[in-house]
Amino acid sequence: MNNILAKRSLFTSAKRMSSASKYVINPFPEQHEGGMKLWRNLTYFMAIPATIIMSINVYLHESSEHHDRPEFKPYEHLRIRNKRFPWGDGTRSLFHNPHTNPLPGGYEDE
Amino acid sequence: MMVVKKHPFHMVDMSPWPLSTSIGALVMTTGLVKWFNQFNINLLIIGLLITVISSFQWWRDISRESTYQGLHTKKVLSGMKLGMVLFIISEVFFFLSFFWAFFHSSLSPSVELGMQWPPMGIQPFNPMQIPLLNTIILLSSGVSVTYTHHSILEKTMTHSKKSLMLTVILGLYFSCLQALEYWEAPFSMADSVYGSTFFMATGFHGIHVIVGTTFLFISLIRLMKNHFSSYHHFGFEAAAWYWHFVDVVWLFLYINVYWWGA
């Protein structure tokens, strides 16, 4: 400990005496307080398990519950087509899903 | 005779990349407008190519100047840190505008929407399913990237590589899940102002996730090629800052758009 303190003050004064380096140097090599272990543990014991558990939960939910799609009602504020989309025939959105996204006239697969 | 510079600044050698990247950005944005209005995509593709190829070469040169030529002094580094901070702040304002639009329409839903939010006929996502999983994924990736940073500082290479790889994987997992949500969504961008605000906000966020994942992935490659030291690794730090920013934007999105807005 004393040796490190002595080295540190020697280094600091040496640094001050010589022209200060313009490059990034590491004045206190062993300073950093082992935060790595904390974040490693948080990652492996909290973050990853939470992700896995929630993933399983979502997977089970997605595969079980399949509600029927809502009945088509021709609301004017939905399925707005003031200008055609710049792809295909211009009537379908970018992630258009024929089963869940009705066109202005109704579902495609009805 | 060797050139000696008696100042800590980096006088960058002549480079074509700033000009070509700017030209690329102009051609790309003009191309986007041409695609939307004249249904011709060619200019957009050309613009994208020019921008991507120029950016790649510009950033490659920066890696060369720093790692291999040692031209990044403390002064240079501090300038780049300021630059990254200011850039992220500008991005914050960018997202602020989409949140403004969202609150403008959702706080006082108009009569055409049925004076309710979500509007009549809109079936929003269940915030407790995939959106919650996405939140956990991004928060976890924030933890893992912090693990990476500390392991770089403590010079434990194996830990650094593993945790950064994990962070990238989590980023990809998020993107896949969002793509699935987009595909399964019962509403599109053209479904009232709900769809517009939802997809503009989450869409731009998704683009930022992809950019952030790419930045982290490049950092991983540089880490594996030993470009970083335990006290000089700004490329990685910048990627981590950007990633935390992406995470925070998602938290705002989740709470306001997905949860309150449902």
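Calculation notes
Throughout this description, residue numbers start from 1 for each chain and increase along the sequence as written. Lettering of chains starts at A and numbering of ligands starts at 1, both following the order in which they are written. With pLDDT at 70 or above as the cut-off, local features in this predicted model cover only qualifying residues; side-chain atom pairs require 80 or more to be listed or tallied, and sums for whole chains, interfaces and linings still use all residues. Here the side-chain values reflect all heavy atoms present in the structure, with hydrogen atoms and water set aside. Helix and strand definitions follow DSSP, with helices as H or I runs of at least four residues and strands as E runs of at least two, each counted in order from the N terminus. Residue exposure (1.4 Å probe, protein chains only): buried if accessible area is under 20% of the type maximum, exposed if over 50%, otherwise partly exposed. Should any heavy atoms of two residues lie within 4.5 Å, those residues are counted as being in contact. Residue-level accessible areas treat just the shown protein chains as cover; the underlying method is Shrake-Rupley with a 1.4 Å probe. When charges are counted, Lys and Arg are positive and Asp and Glu negative, with His and the chain ends excluded. Charge positions come from single atoms, namely NZ of Lys, CZ of Arg, CG of Asp or CD of Glu. UniProt positions are given in the numbering used here, feature names are shortened, and annotations may be inferred rather than shown by experiment. By nonpolar core we mean a set of buried residues, namely Ala, Val, Leu, Ile, Met, Phe, Trp, Tyr and Cys, connected to one another through side-chain atoms within 4.5 Å. Aromatic pairing here means that ring centres of Phe, Tyr or Trp (its six-membered ring) are within 6.5 Å. Orientation follows from the plane angle: under 30 degrees is stacked, over 60 is edge-to-face, and everything else is tilted. Interaxial angle, 0 to 180 degrees, is taken between N-to-C directions of lines fitted to C-alpha atoms, where a helix line uses only the stretch in contact. Here roughly perpendicular refers to angles of 65 to 115 degrees, roughly parallel to angles under 35, roughly antiparallel to angles over 145, and oblique to all remaining angles. By convention, the crossing between two helices is left-handed when the near helix turns anticlockwise from the far helix through less than a right angle, and right-handed when the turn is clockwise. Just to be clear on terms, a salt bridge is a Lys or Arg side-chain nitrogen sitting within 4 Å of an Asp or Glu carboxyl oxygen.

Chemist: Help me understand the overall build of chain B, please; the structure alone is not making it clear to me.
Modeler: The number of helices and strands found in chain B is 7 helices and 0 strands. Reading chain B from its N terminus to its C terminus gives the helix and strand order α-α-α-α-α-α-α. By principal-axis analysis of the C-alpha atoms, chain B measures approximately 80 × 45 × 25 Å. Residue burial in chain B is summarised as follows: out of 262 residues, 47% are buried. Across chain B, every contact between residues at least 6 apart in sequence was considered, and the portion connecting residues at least 24 apart equals 74%. Working note: accessible area of chain B is about 13500 Å², and carbon and sulfur atoms make up 73% of it. In chain B, which carries 13 positive and 11 negative side-chain charges, the distance between the mean positions of the two groups comes to 20 Å.

Chemist: Which parts of the structure should I look at to understand the UniProt feature "domain: Heme-copper oxidase subunit III family profile" (unreviewed entry) in chain B?
Modeler: In the numbering adopted here, UniProt assigns the feature "domain: Heme-copper oxidase subunit III family profile" (unreviewed entry) to residues 5–262 of chain B. Annotated as 75% helix and 0% strand, the span residues 5–262 of chain B places its first and last C-alpha atoms 61 Å apart.

Chemist: How should I be thinking about the nonpolar core in this particular structure?
Modeler: Most often, soluble globular proteins keep nonpolar side chains buried together rather than apart. Of all hydrophobic cores here, the largest spans 55 residues; its most connected members are F187, F198, L216, F236, F245, W250 and L253 of chain B. Ignoring any residue separated from it by four or fewer positions in sequence, one finds F236 of chain B in contact with V145, T148, H149, I152, L164, S219 and F228 of chain B.

Chemist: Looking at this model, I keep getting lost on the packing of aromatic side chains. Mind explaining?
Modeler: The geometry of an aromatic ring pair is captured by two quantities: the separation of the ring centres and the angle between the planes. Residue and element names in this part refer to chain B. Tallying each qualifying case throughout the model produces 34 aromatic pairs over all chains. Taken together, a centroid distance of 4.9 Å and an interplanar angle of 90° make the contact between F94 and F204 edge-to-face. Pair noted here: F94 is in helix α3 (residues 74–106) and F204 is in helix α6 (residues 192–224), with a separation of 110 residues, a long-range link. With a relative accessible area of 30%, F94 lands in the partly exposed category.

Chemist: Please clarify how the packing of helix α4 (residues 130–153) of chain B against helix α7 (residues 234–260) of chain B should be interpreted in this entry.
Modeler: When two helices pack together, their arrangement is given by the angle between their axes and by how far apart the axes lie. Residue and element names in this part refer to chain B. Taken N-terminus to C-terminus, the directions of α4 and α7 make an angle of 160°; their axes are 10 Å apart at the nearest point. Judged by the inter-axis angle, α4 sits roughly antiparallel to α7. For the pair α4 and α7, the crossing hand works out as left-handed.

Chemist: Where do I start with the pattern of salt bridges in this structure?
Modeler: When charged atoms on two side chains of opposite charge get close, those side chains can pair. One pass over the structure, following the stated rule, counts 5 salt bridges over all chains. Where D109 of chain A meets R69 of chain A, a salt bridge forms, and the shortest distance between an N and an O atom there is 3.0 Å. Remark: R69 of chain A occurs in the segment after α2 (35–64) and D109 of chain A occurs in the segment after α2; sequence separation between them is 40 residues. By relative accessible area, R69 of chain A is classed as partly exposed at 24%. The closest approach of N and O atoms between D61 of chain B and R60 of chain B, which form a salt bridge, is 2.9 Å. Residues joined in a network through salt bridges with shared partners are D89, R92 and E108 of chain A.

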